[in-house]
Protein chains: 2
Amino acid sequence: MRPRYSAAAFAIASLAVVFAPIPAVADYPETPSKPAEPAAPSIADAYRAQADKIIGAALAGNDVYRKLEDLCLLIGHRLSGSPQLERAIDWAIEALKKDGQENVHREKVMVPHWVRGAESATILEPRSATLTMLGLGGSIGTPPEGITAPVVVVADEEGLDKIGDEAKGKIVLFDNLMPAYDPEKGSGYGKAVKYRGKGASLAAKKGAVACLIRSVTARSLRSAHTGAMRYEDNVPRIPAAAITIEDTELIARLRARGLPVVVNLKMEAKTLDDAPSANVLAELRGREKPEEIVVIGGHIDSWDVGQGAHDDGAGIVMCMEAINVLRKVNMIPRRTIRVVLFTNEENGLAGGKAYAKEHEAELKNHVAAIESDSGGFKPTGYSTECEDKDREAVAAKQLEDIVSLLSSIGPMKVSTGHSGADIGAMESAGVLLMGHNVEGSRYFDYHHAQADTIDKVDPHDLSENVAVLATVAYILADMPERLGEKPVSDTATR
Amino acid sequence: MRPRYSAAAFAIASLAVVFAPIPAVADYPETPSKPAEPAAPSIADAYRAQADKIIGAALAGNDVYRKLEDLCLLIGHRLSGSPQLERAIDWAIEALKKDGQENVHREKVMVPHWVRGAESATILEPRSATLTMLGLGGSIGTPPEGITAPVVVVADEEGLDKIGDEAKGKIVLFDNLMPAYDPEKGSGYGKAVKYRGKGASLAAKKGAVACLIRSVTARSLRSAHTGAMRYEDNVPRIPAAAITIEDTELIARLRARGLPVVVNLKMEAKTLDDAPSANVLAELRGREKPEEIVVIGGHIDSWDVGQGAHDDGAGIVMCMEAINVLRKVNMIPRRTIRVVLFTNEENGLAGGKAYAKEHEAELKNHVAAIESDSGGFKPTGYSTECEDKDREAVAAKQLEDIVSLLSSIGPMKVSTGHSGADIGAMESAGVLLMGHNVEGSRYFDYHHAQADTIDKVDPHDLSENVAVLATVAYILADMPERLGEKPVSDTATR
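Nothing here was measured: the structure is a model prediction, and the numbers come from that model.

S.K.: Is there a simple way to explain the nonpolar core in this structure?
M.R.: In globular proteins that are soluble, nonpolar side chains generally tend to be buried together. Membership of the largest hydrophobic core comes to 108 residues, with the highest contact counts inside it found for Ile251(A), Ile296(B), Ile402(B), Met434(B), Val472(B), Leu476(B) and Leu483(B). Top contributing element to this core by residue count: helix H13 (residues 459-478) of chain B, with 12 residues. The residues touching Ile251(A), leaving out its near neighbours within four places in the chain, are Ile123(A), Leu131(A), Val151(A), Val153(A), Leu173(A), Ile243(A), Val261(A) and Val263(A). Grouped together as the second largest cluster of nonpolar side chains are 107 residues, Ala282(A), Val367(A), Val466(A) and Ala129(B) included.

S.K.: Help me understand the confidence of the model for chain A, please; the structure alone is not making it clear to me.
M.R.: Detailed conclusions should not be drawn from predicted coordinates in areas where pLDDT is low. All names here are of chain A. Here chain A averages 92 in pLDDT, while 90% of its residues score no lower than 70. Counting interchain partners and residues more than four positions distant, the pLDDT-below-50 stretch residues 1-33 has 16 contacts. ipTM for the predicted complex: 0.91, alongside a pTM of 0.91.

S.K.: What is the right way to look at unusual backbone geometry in this model?
M.R.: Trans peptide bonds make up most of the peptide bonds, and negative phi angles are found at most residues other than glycine. Note that the residue after Glu125(B), namely Pro126(B), is joined by a cis bond; omega there is 5 degrees. Take Pro126(B): it is sitting in the loop between strand S2 (119-125) and strand S3 (129-131). A cis geometry characterises the amide bond from Asp311(B) onward to Asp312(B), with omega recorded as 0 degrees. Position of Asp312(B) relative to the elements: it lies in helix H9 (residues 309-328). Even without glycine at this site, Asn330(A) takes up a positive phi of about 55 degrees. By the element assignment, Asn330(A) lies in the loop between helix H9 (309-328) and strand S12 (335-342). Here Asn330(A) falls in the exposed class, since its relative accessible area comes to 61%. With a phi angle near 60 degrees, Leu349(B) is a residue other than glycine that sits in the positive phi range. Relative to the assigned elements, Leu349(B) resides in the loop between strand S12 (335-342) and helix H10 (350-358).

S.K.: Any chance you could explain the interface of chain B and chain A here in plain terms?
M.R.: Buried accessible area, meaning the area lost when the parts come together, often serves as the stated size of an interface. Between chain B and chain A, the residue contacts involve 39 residues of the former and 39 residues of the latter. For chain B, the biggest contributors to the area lost against chain A are Leu221(B), Arg253(B) and Arg257(B); these three give 23% of the whole. On inspection of chain B and its partner chain A, the count reaches 8 salt bridges. The partner of Arg257(A) in a salt bridge is Asp70(B), and the shortest N-O contact between them spans 2.6 Å. In this assembly, chain B and chain A are joined by 14 residue pairs in polar contact (both at pLDDT 80 or more). In terms of residue count, the dominant contributor to the side of chain B that touches chain A is helix H3 (residues 64-75) of chain B (8 residues).

S.K.: Sorry, what's going on with the environment of Ala118(B) here?
M.R.: Residue and element names in this part refer to chain B. Along the polypeptide, Ala118 turns up in the loop between strand S1 (102-115) and S2. Between the C-alpha atom of Ala118 and that of Ala92, which follows or precedes it by 26 residues, the distance is 30 Å. Excluding anything up to four places from it in sequence, Ala118 contacts Lys266, Met267 and Glu268.

S.K.: Would you take a moment to explain the relation of the copies chain B and chain A for this structure?
M.R.: One copy of the chain maps onto the other through a rotation about an axis plus a displacement along that axis. For the pair chain B and chain A, the best superposition has an RMSD of 0.1 Å and corresponds to a rotation of 180 degrees with a translation of 0.1 Å parallel to the axis. The superposition operator between the copies reduces to a two-fold rotation axis. Both copies share a contact surface, since 97% of the interface residues of chain B are interface residues in chain A too.

S.K.: Is there a simple way to think about the packing of aromatic side chains in this case?
M.R.: We describe a pair of aromatic rings using the distance from one ring centre to the other and the angle between the two ring planes. This structure, assessed with the given rule, holds 14 aromatic pairs over all chains. When the ring of Tyr189(B) is compared with that of Phe444(B), the centres are 4.2 Å apart and the planes differ by 20 degrees; the resulting orientation is stacked. One end of the pair, Tyr189(B), is in helix H6 (residues 189-192); the other, Phe444(B), is in helix H12 (residues 443-446), with 255 residues separating them in the sequence. Neither residue differs from the other here; Tyr189(B) and Phe444(B) are each classed as buried. Site record: aromatic cluster; members linked through ring pairs are Tyr189(A), Tyr443(A) and Phe444(A).

S.K.: Would you mind going over the sheet that holds strand S10 (residues 270-284) of chain B with me for this structure?
M.R.: The strands that make up a sheet are held in pairs by hydrogen bonds between backbone atoms, and each pair lies either parallel or antiparallel. All names here are of chain B. Here 8 strands make up an open sheet; going across it, the order is S1-S10-S12-S11-S13-S16-S14-S15 and the pairing mixed. Strands with a single pairing partner mark the edges of an open sheet, and in this sheet they are S1 and strand S15 (413-416). The mean inter-strand angle of the sheet, taken between neighbouring strand axes irrespective of direction, is 25 degrees. Two elements, strand S11 (residues 289-299) and strand S13 (residues 366-371), share 5 bridges in a ladder whose sense is parallel. By the bridge assignment for S13, Val295 is matched with Ala369. The strands touched by H9 are S1, S10, S11, S12 and strand S16 (433-438); relative to S11, the strand with the most contacts, the crossing angle is about 150 degrees.

S.K.: Hey, could you run me through the sheet that holds strand S16 (residues 433-438) of chain A in this one?
M.R.: Residues and elements named next belong to chain A. Read across the sheet, 8 strands follow the order S1-S10-S12-S11-S13-S16-S14-S15 without closing on themselves; strand pairing throughout is mixed. Pairing within the sheet leaves two strands with one partner each, and these edge strands are strand S1 (102-115) and strand S15 (413-416). With direction set aside, neighbouring strand axes in the sheet form an average angle of 25 degrees. Relative to strand S14 (residues 379-385), helix H13 (residues 459-478) is tilted by about 40 degrees, and along the sheet it contacts strand S11 (289-299), S12, strand S13 (366-371), S14 and S16.

Procedures and definitions
Residues numbered from 1 in each chain as written. Chains lettered and ligands numbered in written order. Predicted model: local features only at pLDDT ≥ 70, side-chain atom pairs only at ≥ 80, totals over all residues. Heavy atoms only, no water. Core = buried A, V, L, I, M, F, W, Y, C linked by side-chain atoms within 4.5 Å. Buried < 20%, exposed > 50% of the residue type's maximum accessible area, 1.4 Å probe, protein only. Helix = DSSP H or I, 4+ residues; strand = E, 2+ residues; numbered from the N terminus. Contact = heavy atoms within 4.5 Å. pLDDT = per-residue confidence, 0-100. Buried area = accessible area lost by both parts, 1.4 Å probe. Salt bridge = Lys/Arg side-chain N within 4 Å of Asp/Glu carboxyl O. Polar contact = N/O pair within 3.5 Å; in protein donor to acceptor, adjacent residues only side chain to side chain. Least-squares fit on C-alpha atoms with pLDDT ≥ 70 in both. Phe/Tyr/Trp six-rings, centres within 6.5 Å; stacked < 30°, edge-to-face > 60°. Pairing = 2+ DSSP bridges. Axes fitted to C-alpha atoms, helices over the stretch in contact; angles between N-to-C directions.

Okay, structure coming up:
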């Protein structure tokens, strides 16, 4: 007789599979019977016991969520030049010292100092309506009475080219849609963000008087998302702001009906003189080759909205806690693991550039630089990026081996390509870069918005990230060969 | 051998069941072979051809989404007493006349006139932070300098009782969580909304100087949700506002750390003299018994945020379009279908009460009154409610028969219980009430918030609602017996 399953019963059965206890290492046969071919030398085999110990220690309880709460609750957002950023730097120094880290110090960096000021956008015609908006970082302000002009709506640069002279004297609204997150294709952020960065100059070249963009997000509850913009040289500078998906839809649909839409945009935004800030450094000094370094880091600054919880509070506390966990279980690798909390990632990358310059002589001893700047969601693996593509390919293969040790946490993938904005400045010195990846379906719902707050971060996800980062950083800092170089064991042990 | 299913395969199999094509009526055997017992007289059988015709006509194309766009794009939100509400009433009258409806007119109603004015809430201690907030409708304002006081956080009334005198001189924050939507249990709105309605008076009785509530929603991107509040008689009146889930979490977590949280609340809110408004009526006059009436309606007012798209723009345009579809295919039922767009549902129910009073003499001839005020999502069935519980039970059974005609649109359920706020005033006159139900998982994400905008409404869902409302209203207006009364056929044809 064919058994009958109800959907509900099956759902419960499926959950049981998902949550089944993971067999302890001891449950596995110690040597597989009849291997198909001689096993390649495996980093994973060599580090399995250590990895299990690190993962166990990290997941047994740690301080990462309390650290993130400190930052989000007591300090909040922290844009370059703000007193909050300097408070965050003080807090990080203190927290790292309290954890007993070595060589805890700040390295001074001058950072751009953009301030938002009061701002508003209002539809005056065909009916009155308040737009929910955020000026874009780096934008100039408007005259005190604002800029009042009709709006033209275009999807993209091609659309702007098509309307020819029509943009002259108008406010250009880029209605560039970011598609819903796709597990295969990713977020579509890279493509959509173009108009945030360069929309103002594109519009100004056509004679526009201001630029609005559809917020770079796929989901919105009337949510505006800010972010950096840049003016092209020798192009008139016009104010630029993001409005919500909802307000973009309102304007676009009114225009589609042939109705003139007139908007008043007021922004007090201005750029002041550069301000002093700092990168924060701390180390778990290596036991054998302390001069060789694995960097793990994120950025300590955030936009001036929300609490910078996922972007990038999560990234920095995960790194801080990764070395804290290792130190607590007294797992000191051969090489040094250096935590770097970069300043000014959001609007200038001054911290990343300053680190690469300050540590130029040392970069040849940087075994790898890992950046975590994708939020604190469930960890999913690593990207790797190197000027030397052969080394990048070897590194990717070795990383696949290494992340196999993390399967108790979840499936991990290794890819090649862009690995981080702050560490990018080290690429030309030949440093092997790595990006710490996490599940990405919700990141851009919160990114650069008022909604990026502590309540969006799951404590268990955060702990899993600590476990993954600590394990990977430990292995990279401890394995005999440098990541991406031919294994020492290839010549020594075969 | 026990078959093995993978979760993925099972999921696909389940989908196949859900999306299997529904057999056309012609595929069913015309007479069931060997019926177990003589079939009860079926309303569905009698009206199958008409129902299919109505559904086909509605889904082939209609004006419902354009109507909702008119309202949302050209008028926007429309609180009682606002010029926008009066513009919406003018628009509805014009649209109904343009559709060729009969007896299109307004019936004057005096409505409460609350105005929000400027408002803000700011944390002053332990650090400065701006709270995203919306004053609650009906609240008094604060002095111009605002009210500055420490905040005490309680989960509910029990929690408030427990802290005793601690609320005195403080701002009470009700951190009452609305659970995530559950397909079985529904939204949990009914329970959570209690503190929006009566939190201020509960807090004032304990000596509090102002009341904040956690917004009544389960999902938030820093989204404040307003709604009506009421002051108890003989209790001091204190200002009341909703803050976001995120800001509630911030304050609650700071308090949980033992830190004093001081907030400044500024509200210019005030209640002016009652303002003139109107219910809007239009009819598809019955061909045989025009004096007997099936009311279908929703409310034309909204809160003063967003566009009132789901609440309740969708409800009114669905009703307007339901009689438009019937008229276009010349399906004139025996009785009259009367569309009523009630004014002032949100903060007074003056429209519903005025209709019941104005039409008191006629109510005995109201065969049913259907309200649609749950948004424009996919239709899911009806509730029914009647003082005469026997009649309610008979009606529910008949409705189950009737909604079986809608299975091509989706599964429909019939329940008994609360069926609508505006039609509620007719209940004591014995009128049989019905609520038009829709899929409810997202309604409270948008409800009473800036996010309730046209882009959240799916045109196809809206058309399905028109099909369902038109079909049900037609049958109720046409069937020989009145809904809830013993079928005429029981005596006439057996």
